[in-house]
Amino acid sequence: EAEVAQSPRYKITEKSQAVAFWCDPISGHATLYWYRQILGQGPELLVQFQDESVVDDSQLPKDRFSAERLKGVDSTLKIQPAELGDSAMYLCASSERQGSGYTFGSGTRLTVV
Amino acid sequence: GEDVEQSLFLSVREGDSSVINCTYTDSSSTYLYWYKQEPGAGLQLLTYIFSNMDMKQDQRLTVLLNKKDKHLSLRIADTQTGDSAIYFCGISSGGYNKLIFGAGTRLAVHP
């Protein structure tokens, strides 16, 4: 069964450092999403890509977060500088088209110390 | 914006049925999903329903949608210990059908 790949699985970083997460969606999936899930809460959408274009980044803290999907395939989410409040699980998901079932990766658990 | 509410905790006896409820605010939602999350893992798609449907059954899972009341429910028949997890409802919203999630319902199954 096809999977969404994410790395690293865990990341510990000091505050004010830069950190990056990588996601490889299911082959052929045009839509890619980055979600942040704070412990005890539901996932919150940070950014949505349609192919290589950002279609929704309304909840992305743009002063410190950036995301790209240059060739419309894999994607990178970056935080610089990291803050203590950024500690969370970062989930990537992809779908064949908007509205079809999202497949989630296993996530990257970020701890900022 | 869209708001999705779920009760936080449900405890059931093994073999009983579980019913997890979700209410939402966006009446234009087209797709409504149920996901399962086990500790330290990502979200696993369980089932979904389109807004033009009232009910969908998939083996032990039954989804009911009441569009008038904006209420979605997931019934798990013959609940097993392996069903213990957090269950999220996800409601599509907006022009690009982004998914808005509730806070999740933690299902505990006891003998």
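Here's a quick rundown of the structure. (Residues numbered from 1 in each chain as written. Chains lettered and ligands numbered in written order. Predicted model: local features only at pLDDT ≥ 70, side-chain atom pairs only at ≥ 80, totals over all residues. Heavy atoms only, no water.)

### What about the state of the cysteines?
Thinking step 1. Considering all chains together, one arrives at 2 disulfides over all chains under this definition.
Thinking step 2. The disulfide that involves C23 of chain A links it to C92 of chain A, with 1.9 Å between the sulfurs. Every disulfide takes its handedness from the sign of the S-S torsion; for C23 of chain A and C92 of chain A that torsion is -70 degrees, giving left-handed. Of this pair, C23 of chain A sits in strand β3 (residues 19-24) while C92 of chain A sits in strand β9 (residues 88-95), and the two are 69 residues apart along the sequence.
Thinking step 3. According to the relative accessible area criterion, C92 of chain A is buried, its value standing at 0%.
Thinking step 4. Residue C22 of chain B pairs covalently with C89 of chain B via a disulfide, S to S 2.0 Å. Between C22 of chain B and C89 of chain B, the S-S torsion sits near 60 degrees, and that sign places the bridge as right-handed. Pair noted here: C22 of chain B is in strand β3 (residues 18-24) and C89 of chain B is in strand β9 (residues 85-93), with a separation of 67 residues, a long-range link.
Thinking step 5. Residue classification places C89 of chain B among the buried positions, given a relative accessible area of 0%. (Disulfide = S-S within 2.5 Å. Helix = DSSP H or I, 4+ residues; strand = E, 2+ residues; numbered from the N terminus. Buried < 20%, exposed > 50% of the residue type's maximum accessible area, 1.4 Å probe, protein only.)

### Description of the interface of chain B and chain A
Many analyses report the size of an interface as the accessible area lost when the parts associate.
Thinking step 1. Facing the 18 residues of chain B at the interface are 22 residues of chain A.
Thinking step 2. A combined buried area of about 1,500 Å² lies between chain B and chain A, and 52% of that area is made up of carbon and sulfur atoms.
Thinking step 3. Considering only the side of chain B, the residues that lose the most area to chain A are L43, Y96 and K98 of chain B, jointly responsible for 35% of the buried surface there.
Thinking step 4. Summed over the shared surface of chain B and chain A, the result is 1 salt bridge.
Thinking step 5. In this structure, the salt-bridge partner of K98 of chain B is D56 of chain A, at a minimum N-O distance of 3.4 Å.
Thinking step 6. Listing elements by their share of the side of chain B that touches chain A, those giving two or more residues are β4 (31-37), β5 (43-50) and β10 (98-101) of chain B.
Thinking step 7. The greatest single-element share of the side of chain B that touches chain A, amounting to 4 residues, is contributed by β4 of chain B.
Thinking step 8. Each residue belonging to the side of chain B that touches chain A can be placed in one class, and the counts come to 11 nonpolar, 6 polar and 1 charged. (Contact = heavy atoms within 4.5 Å. Buried area = accessible area lost by both parts, 1.4 Å probe. Salt bridge = Lys/Arg side-chain N within 4 Å of Asp/Glu carboxyl O. Nonpolar A, V, L, I, M, F, W, Y, C, P; charged D, E, K, R; others polar.)

Just distances and angles here, no functional claims.
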